[in-house]
Amino acid sequence: MVNLFQLYTCNTYPLILSSSESRSGLCNLQAMQITSAQKKYFTKQLMHWHQTDNERTLPWKEEKDPYKIWLSEILLQQTRAQQGLPYYIKFIQSFPTIKKMAAAKDEDVFRLWQGLGYYNRCRNMLATARYIANELGGKFPCTYDDIIKLKGIGPYTAAAIASFAFGAPNAVVDGNVYRVLSRFWGIEEPYDTLNGKKIFQSLAQELFFSKDSAAYNQAIMDLGATVCKPQIPACAVCPLQKNCFAFSQDLISSLPVRSKKLKVRKRYFHYLLLRANDKIWIHQRSEKDIWQSLHEPYLIEHDAALGQKELLAHPSYKNLKITNVTPVYEGKFTQKLTHQLIETHFFTMRLKEQQKIEGKEGKWINMDEMKKKAFPKTLLSFL
């Protein structure tokens, strides 16, 4: 692939090369710098589109309250905007200020979060809310350098908060931005490598419209989300199509480049819903694993799916020491996480009375109390 950077004149960017070109020794060549005219074209077209044709409306887009911007950015990590929108509304209604969130019980916050996944985000969010409320007097840090020190906040989130809330001149670089820049400029460097991240961040800053940092950042992210989409992009209405490298070279499906595919681990969960009259047994996950701090019924994990006979012979089932009751199979659900595929099988067991469950800390609760507890999405779907 001929890279557009090679067509420009001068010396600040490292040469963007495919892996084959790098191995051939071309990596010692100086890259070419974007001309002011090319930079002006990109930024001018993008900002004009934002002012005239960007119809993406979301409640946090015009927000200046750093708490609400921070909340939206945490909710949208690994989550699409439309999926995160109802959660944002629920959180703002329940916790209108960061002090309100800081004072909330963990259980109440996790219950609002349930279904979003990536529960470490929720734990980090609570820790940051309490730090700001208790250590900083409820005042959100206002500089990129101070914001990035907060728990659960990386370079993208820090830049977004600094820009949207405080007008700081920090270019944001998320998946949408990687896609727009890679396709328009013809960048083959994988965006998930250290070198790739440096290249994209430098380029984003080079193109930055400092007169209105929030509008520029919103524009490029919105363009990636609504026009330069991962699949079936709307090139016909793209304001950058005329000079887009990927469009002219028919390479839209090839860009951006990822260094390697994620390895997905498959796991098999078998949940026994132990019921005694109007009560059900649950316990809270405490291991450093998926769904930490959420609740679940009695779990038997195995390296393959278990039928009823295999389940009855499993050591974890035998530990229950339940007699005269046979598990009834209720079906299965599958949930795909970033690095894992969870195949969950459900069994119900109706006991005559409550009994002590050996080997796991848990408790019997009334069925109507379950709505006050936070559960993983798979369990919510089943229940």
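Along each chain, residues carry numbers from 1 onward, in the same order as the chain's sequence is written. In view of the model being predicted, local features appear only for residues whose pLDDT reaches at least 70, and side-chain atom pairs are presented and counted only at 80 or more, with totals across whole chains, interfaces and linings using the full set of residues. With hydrogens and water stripped out, all remaining heavy atoms of the structure feed into the side-chain values.

Q: Hey, could you go over unusual backbone geometry for me, with residue numbers and the actual values?
A: Residue Pro256 is bonded to the preceding Leu255 through a cis peptide linkage, with omega at 0°. Put simply, DSSP marks the helices as runs of H or I at least four residues long and the strands as runs of E at least two long, and each gets a number from the N terminus on. Note on placement: Pro256 falls in the loop between helix H13 (245-248) and strand S1 (265-276). Unusually for a residue other than glycine, Ser293 sits at a positive phi of about 80°. For Lys321, which is not glycine, the phi torsion reads 55° and is therefore positive.

Q: An account of the packing of helix H3 (residues 66-75) against helix H7 (residues 120-135) is requested, with residue identities and associated values reported.
A: One can describe the packing of H3 onto H7 by two numbers: an axis separation of 10 Å at closest approach and a directional angle of 160°. By the angle between their directions, the pair H3 and H7 is classed as roughly antiparallel. Read as a crossing pair, H3 and H7 show a hand that is right-handed. Together, Trp70, Leu71, Ile74 and Leu75 of H3 and Arg121, Met125, Thr128 and Ala129 of H7 make up the contact between the two elements. Residues are sorted three ways: Asp, Glu, Lys and Arg are charged, Ala, Val, Leu, Ile, Met, Phe, Trp, Tyr, Cys and Pro are nonpolar, and all the rest, Gly among them, are polar. Per-class residue counts for the contact of H3 with H7 are six nonpolar, one polar and one charged. Axis definition: a line fitted to C-alpha atoms, limited for helices to the stretch in contact. Angles are taken between N-to-C directions and run from 0 to 180 degrees. The labels follow the angle: roughly parallel below 35 degrees, roughly antiparallel above 145, roughly perpendicular from 65 to 115, and oblique for the rest. Take the far helix as your reference; a near helix turned counterclockwise from it by less than a right angle gives a left-handed crossing, and one turned clockwise gives a right-handed crossing. Any pair of residues with heavy atoms lying within 4.5 Å of one another is described as a contacting pair.

Q: Account for the nonpolar core, naming residues and giving values.
A: Membership of the largest hydrophobic core comes to 97 residues, with the highest contact counts inside it found for Phe42, Trp70, Leu71, Phe91, Met101, Met125 and Leu181. If near-sequence neighbours (up to four positions away) are discounted, Leu181 is found in contact with Phe42, Gly186, Ile187, Phe200, Leu203, Ala204, Leu207 and Ile220. We define a nonpolar core as any set of buried Ala, Val, Leu, Ile, Met, Phe, Trp, Tyr and Cys residues linked to one another through side-chain atoms lying within 4.5 Å. Throughout this description, buried means an accessible area under 20% of the type-specific maximum (1.4 Å probe, protein chains only), exposed means over 50%, and partly exposed covers the range between. In this structure, Ala276, Trp281, Leu311 and Met349 belong to the second largest nonpolar core, which totals 17 residues.

Q: Hey, could you go over the packing of helix H10 (residues 175-185) against helix H11 (residues 194-206) for me, with residue numbers and the actual values?
A: Running from N to C, H10 and H11 cross one another at 85°; their axes reach a closest spacing of 11 Å. In terms of their interaxial angle, H10 and H11 are classed as roughly perpendicular. Taken together, the residues of H11 that come into contact with H10 (itself represented by Tyr178, Leu181, Ser182 and Trp185) are Lys197, Phe200, Leu203 and Ala204.

Q: With reference to specific residues and values, describe the side chain of Lys373.
A: Summarising the element assignment, Lys373 is placed in the loop between strand S7 (363-366) and helix H16 (377-382). Among buried Asp, Glu, Lys and Arg side chains, Lys373 stands out as unpaired, with Glu107 the closest opposite charge at 4.7 Å. What Lys373 contacts, discounting residues up to four positions off in sequence, is Glu107, Arg111, Gln114, Ile282, His295, Lys363 and Ile365. Charge assignment in this entry is limited to Lys and Arg as positive and Asp and Glu as negative, and neither His nor the chain termini are counted. We define a salt bridge as a side-chain nitrogen of Lys or Arg found within 4 Å of a carboxyl oxygen belonging to Asp or Glu.

Q: Quick one: what's the story with helix H12 (residues 213-226), residue by residue and with numbers?
A: Each turn of an α-helix holds 3.6 residues, which means side chains three or four residues apart point in the same direction. Expected span of a helix, by definition, is 1.5 Å for each gap between consecutive residues, and there is one gap fewer than residues. Taking 1.5 Å per residue, 14 residues should reach 20 Å; H12 reaches 20 Å between its end C-alpha atoms and fits that length. The buried count for H12 comes to 12 of 14 residues, which makes it a mostly enclosed element. Taken residue by residue, H12 has Ser213, Ala214, Ala215, Tyr216, Asn217, Gln218, Ala219, Ile220, Met221, Asp222, Leu223 and Gly224 as its buried positions. Looking at the buried residues of H12, the elements they touch are helix H2 (36-52), helix H9 (155-166), H10 and H11.

Q: So what's going on with the packing of aromatic side chains? Residues and values would help.
A: When the centres of two rings from Phe, Tyr and Trp lie within 6.5 Å, Trp using its six-membered ring, the rings pair. Their planes under 30 degrees apart give stacked, over 60 give edge-to-face, and anything left gives tilted. This structure, assessed with the given rule, holds 20 aromatic pairs. Summarising the aromatic geometry, the rings of Trp60 and Tyr88 are spaced 5.1 Å apart at their centres and angled 70° between planes, so their arrangement reads as edge-to-face. Within this pair, whereas Trp60 is found in the loop between H2 and H3, its partner Tyr88 is found in helix H4 (residues 81-94), the two being separated by 28 residues in sequence. The same class applies to Trp60 and to Tyr88, which are both buried. Aromatic side chains Trp70 and Phe140 sit 6.0 Å apart centroid to centroid with 55° between the ring planes, which places their arrangement in the tilted category. Highlighted residues: Trp70 in helix H3 and Phe140 in the loop between H7 and helix H8 (144-147), separated in sequence by 70 residues. Grouping residues by exposure puts Trp70 and Phe140 together as buried. An aromatic cluster of at least three residues, connected via ring pairs, comprises Phe269, Tyr271, Trp291, Phe333, Phe346 and Phe382. By the criterion adopted, a ring carries a charge over it if an Arg CZ or a Lys NZ lies within 6 Å of its centre and within 35 degrees of its normal. Across from the ring centre of Tyr298, 4.8 Å away, lies the NZ or CZ of Lys360, which sits over that ring.

Q: Just give me the short version of the environment of Ser286, but keep the residues and values in it.
A: Within the element layout of this structure, Ser286 appears in the loop between strand S2 (279-284) and strand S3 (295-296). Measuring from C-alpha to C-alpha, the distance between Ser286 and Cys228 comes to 41 Å, with 58 residues separating the pair along the chain.

Q: Outline H7, listing residues and values.
A: Between the first and last C-alpha of H7 there are 22 Å, a value that for 16 residues agrees with the 22 Å anticipated at 1.5 Å per step. Along H7, the residues that are buried comprise Arg121, Cys122, Arg123, Met125, Leu126, Thr128, Ala129, Ile132 and Ala133. As for H7, its buried residues are in contact with H3, H4, helix H5 (98-103) and helix H6 (106-113). A positive phi of about 65° marks Gly137, the residue just after H7.

Q: Could you give me a rundown of the pattern of salt bridges, with the residues and numbers involved?
A: Inspection of the entire model under this criterion finds 12 salt bridges. In this structure, the salt-bridge partner of Arg258 is Asp192, at a minimum N-O distance of 3.8 Å. Here Arg258, found in the loop between H13 and S1, pairs with Asp192, found in the loop between H10 and H11; they are 66 residues apart in sequence, far enough to count as distant. Three or more residues are tied together by salt bridges with common partners; here these are Arg267, Arg285, Asp289, Glu296 and Glu301.

Q: How would you explain the environment of Met47 if you had to name every residue and give the values?
A: You can see Met47 is positioned in helix H2. The exposure class assigned to Met47 is buried, which follows from its relative accessible area of 6%. Setting aside residues no more than four positions away along its own chain, Met47 makes contact with Phe209, Ala215, Tyr216 and Ala219.

Q: Run through the side chain of Ser163, naming residues and quoting values.
A: Mapping Ser163 onto the fold places it in helix H9. A relative accessible area of 0% means that Ser163 is categorised as buried. The definition of a polar contact used here is a pair of N or O atoms within 3.5 Å, where within protein one atom must be able to donate a hydrogen and the other to accept one, and adjacent residues in sequence count solely through side-chain atom pairs. Within the local environment of Ser163, its side chain forms a polar contact with the side chain of Ser213, the two groups lying 3.4 Å apart. Ignoring sequence-local partners within four residues, the contact set of Ser163 consists of Ala168, Asn170, Ser213, Ala214 and Asn217.

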